[in-house]
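Working through the structure, step by step
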Amino acid sequence: MNKHRIPWTLILVLVAAVLFILNFPAVLKWIGLLWNAALPLILGGCLAFVLNLIMDPMEHWFRRYSPAFEKKARPLAITISLFIFLGIITLLCILVLPQLVESIQLLVQTIPGYVKDLQVFLSNLFKDHPQIADSINSLNIDWNSMFQKITGFLSSGVQGALNSAFSVVTSITSATINSIIMLIFAIYILADKERFVRIYHRLCSLYLTKEKEARLTHILVTFDSSFRSFVIGQCTDALILGTMCTVGMWILRLPYAPMIGTLVGVTNIIPMIGAFIGGGIGCFLVFTVSPMKALVFLIFLCVIQQFESNVIYPRIVGNSVGLPGIFVTMVIVIGGALAGVAGMVMGIPIAAAVYKLVSQYFVRKEIEAGLRPSGAGEDMADSSAA
């Protein structure tokens, strides 16, 4: 009977593969729908991971040093971590958005003056060529009419994209609902995170051997450690760069020092190019006050960015995740090409975890082959990763 048993598992796999290939566009569509539906939950999990970095030490502190709050340590830690996170987001909006709107309004008011000064400069430059000078002086731009046309074009473009006010309300409502779902799911994960650990161990005990469970747990712990180190390292690096930028702008007497320093530090979370994004916005803001000060700010930003990239970042982020600088650059380029900013940010801790696991694998094989002493395996893996 066993010789003639039908391999139903293999047949089901082959049928599923054929159906997948024949209906590939429909499958991709369903995958996209599933991804959009699960996105708030995925973002909620990411938010829970970040909040847990604040909540975990706070909960331990309550349980160890505050016996009166021991039974309520988890709710208190979740509440405080949420307030800290939302407070940081609110502070960033308060610092950046009003100044940005004010600078745009100021730039709109000062553009005619800059153009007039440019006309005078060009007229004096071509004073030996009367025809060119007369043509420059005869230029008369109706700025009010131009700004009205630009505003009308933008308004019609927005209306055409949104089609109706109902679409705007729907978009805002959808974003609000998704944010609430994300926040609630993150809180649920934080409040009952031990349950997910127990479910993981139960599934492993059912379907995996002890050796495979230990190996899978080691892989997951390595990825968790890499992501923790990366988030902490990026935040520390952003804080240092933002402080350097703010203090330097105060010394150079440049405007908007606290706001631009904060913006440069926050955008620096995006590896390599983040600080220049914040710096570009900061340069625009300084330009509305003085073009010469904007040039000084650009030179200053390039100097501190080079110092940060070559001295601070490798020591804080590179050492924390255990990934050599050449691989960091490769991951940023490839991850950015594949998945944009998300690929640049997520690629570094993922690559660091894979690099560490591969290094440990080779060290283990070298120990089995007698090429390394068995007592120094883990240390040598870490040193090779550094």
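Presented here is an overview of the structure given in this document.

Here the structure, examined in full by the defined rule, presents 4 aromatic pairs. An angle of 85 degrees between the planes, with centres 6.3 Å apart, marks the rings of Phe49 and Phe227 as edge-to-face. Taken together, the residues span a long stretch of sequence, with Phe49 in helix H2 (residues 24–65) and Phe227 in helix H8 (residues 210–251) at a distance of 178 residues. Ring geometry for Tyr361 against Phe362: centres 5.7 Å apart, planes inclined by 65 degrees, an arrangement best described as edge-to-face. Taking relative accessible area as the criterion, Tyr361 reaches 39% and is therefore assigned partly exposed.

A few words now on unusual backbone geometry. If you check the backbone angles, Arg253 has positive phi at about 60 degrees while not being a glycine. As for its placement among the helices and strands, Arg253 is situated in the loop between H8 and helix H9 (257–267). The exposure class assigned to Arg253 is exposed, which follows from its relative accessible area of 70%. Here Tyr256, not a glycine, exhibits a phi torsion of approximately 60 degrees, which is positive.

Running from N to C, H8 and H9 point in directions that differ by 155 degrees, and their axes come no closer than 8 Å. Judged by the inter-axis angle, H8 sits roughly antiparallel to H9. As for the relative orientation of H8 and H9, their crossing is right-handed in sense. Judged by residue contacts, Ala238, Leu241, Gly242, Cys245, Thr246, Met249 and Trp250 of H8 engage Ala257, Pro258, Ile260, Gly261, Thr262, Val264 and Gly265 from H9. Residues of the contact of H8 with H9, tallied by class, amount to 9 nonpolar, 5 polar and no charged.

What follows deals with the side chain of Asn268. Looking at the element boundaries, Asn268 is found in the loop between H9 and helix H10 (274–287). A residue is classified by how much of its surface remains accessible, and Asn268, at 3% relative accessible area, is buried. Separated by 2.6 Å, the side chains of Asn268 and Asp237 make a polar contact.

Formed by 20 residues in total, the largest nonpolar core has its most connected members in Cys245, Met249, Met259, Ile260, Val264, Phe297 and Ile304. Sorting the residues of this core by element identifies H8, H9, H10 and helix H11 (291–321) as the ones contributing at least two each. If we skip the residues at most four places from it in the chain, Met249 touches Leu254, Pro255, Tyr256, Ala257, Ile260, Val286, Phe297 and Phe300.

The next thing to look at is the pattern of salt bridges. Opposite charge on two side chains makes pairing possible when the charged atoms of those side chains draw close. Overall, the coordinates contain 7 salt bridges when judged by the stated rule. Residue Arg74 is joined to Glu59 by a salt bridge in which the shortest nitrogen-to-oxygen separation is 2.9 Å. In this pair, Arg74 sits in helix H3 (residues 73–125) while Glu59 sits in helix H2, placing the two residues 15 residues apart along the sequence. The pair Arg74 / Glu59 is uniform in exposure class, with both members buried.

Reading the values: the criteria
- Residues numbered from 1 in each chain as written.
- Predicted model: local features only at pLDDT ≥ 70, side-chain atom pairs only at ≥ 80, totals over all residues.
- Heavy atoms only, no water.
- Phe/Tyr/Trp six-rings, centres within 6.5 Å; stacked < 30°, edge-to-face > 60°.
- Helix = DSSP H or I, 4+ residues; strand = E, 2+ residues; numbered from the N terminus.
- Buried < 20%, exposed > 50% of the residue type's maximum accessible area, 1.4 Å probe, protein only.
- Axes fitted to C-alpha atoms, helices over the stretch in contact; angles between N-to-C directions.
- Parallel < 35°, antiparallel > 145°, perpendicular 65-115°, else oblique.
- Left-handed = near helix turned anticlockwise from the far one by under 90°.
- Contact = heavy atoms within 4.5 Å.
- Nonpolar A, V, L, I, M, F, W, Y, C, P; charged D, E, K, R; others polar.
- Polar contact = N/O pair within 3.5 Å; in protein donor to acceptor, adjacent residues only side chain to side chain.
- Core = buried A, V, L, I, M, F, W, Y, C linked by side-chain atoms within 4.5 Å.
- Salt bridge = Lys/Arg side-chain N within 4 Å of Asp/Glu carboxyl O.

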